[in-house]
Amino acid sequence: AKIDATISGARRWLDLQEQGRDMSDWLWSFVDGQPIQNHWHSMAQVPAQTPQSVAMARALKAEGFKFCGPVIVYAFMQATGMVNDHVATCHRHAPLSSGQG
């Protein structure tokens, strides 16, 4: 099912691009075009999902994407730099917070 969803999602992504939609701009609109800079002091503070990931997951599902719940979408947001969840003591936190990342 996940492989089928991946293939279907890739096709849907291409369809949306053919319609003239800029998917990068659309995804970044969920964070107002700028990475969210969190200042957690421990990993226990890092959430599994946020209101932004819930909204993005709903929008992706409305566009026909599957296997894109708010937790996996939040992991995507972390992995792509849409959110900085490095703890404040991590050596990567400051460079990413300042945009020098």
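Placed above this text is the structure.
Per-chain numbering applies: the sequence of each chain, read as written, is numbered from 1 onward. pLDDT decides what is reported in this predicted model: residues at 70 or higher carry local features, side-chain atom pairs at 80 or more are listed and counted, and totals for whole chains, interfaces and linings draw on all residues regardless. The side-chain quantities take in all heavy atoms of the structure and omit both hydrogens and water.

Draft legend 1. Here's a closer look at unusual backbone geometry. Positive phi is not limited to glycine here, since aspartate 32 has a value of about 55°. The helix and strand labels rest on DSSP assignments: H or I over at least four residues marks a helix, E over at least two residues marks a strand, and numbering proceeds from the N terminus. When you line up the elements, aspartate 32 lands in the loop between helix H2 (23-28) and strand S1 (36-37). Here the phi dihedral of phenylalanine 67 falls at roughly 55°; this positive angle occurs in a residue that is not glycine. Relative to the helices and strands, phenylalanine 67 resides in the loop between helix H3 (51-62) and helix H4 (70-79).

Draft legend 2. View of H4. Residues of H4 that are buried: Val73, Tyr74 and Met77. All buried residues of H4 fall inside an arc of 105° around its axis, so they share one side. Here, two residues are considered to be in contact whenever any of their heavy atoms come within 4.5 Å of each other. Those residues of H4 that are buried are in contact with H3 and strand S2 (83-84). A positive backbone phi angle near 85° is found at glycine 81, which sits one or two residues after H4. The buried label applies to any residue whose accessible area, calculated with a 1.4 Å probe on protein chains only, is under 20% of its type's maximum; exposed applies above 50%, and partly exposed to all values in between. By arc we mean the arc of the directions from the helix axis to the C-beta atoms, nothing more.

Draft legend 3. Spatial organisation of the pattern of salt bridges. What makes a salt bridge here is a side-chain nitrogen of Lys or Arg within 4 Å of a carboxyl oxygen of Asp or Glu, nothing more. Considering all chains together, one arrives at two salt bridges under this definition. Here arginine 12 ties to glutamate 63 by a salt bridge, and the two come within 3.1 Å at their closest N and O atoms. In this pair, arginine 12 sits in helix H1 (residues 2-18) while glutamate 63 sits in the loop between H3 and H4, placing the two residues 51 residues apart along the sequence. The partly exposed category is assigned to arginine 12, whose relative accessible area is 22%. The class of glutamate 63 is buried, set by a relative accessible area of 18%.

Draft legend 4. Summary view of H3. Between its terminal C-alpha atoms H3 stretches 17 Å, which fits the 16 Å expected from 12 residues at 1.5 Å a residue. Every buried residue of H3 is listed here: Ser53, Met56, Ala57, Ala59 and Leu60. All buried residues of H3 project into a common sector of 165° when viewed along the axis, lining one side. Exposed residues pointing more than 90 degrees away from the buried face of H3 are listed as Pro51, Arg58 and Ala62. At the exit of H3 stands glycine 64, carrying a positive phi of roughly 105°. Residue count minus one, scaled by 1.5 Å, sets the expected span of a helix.

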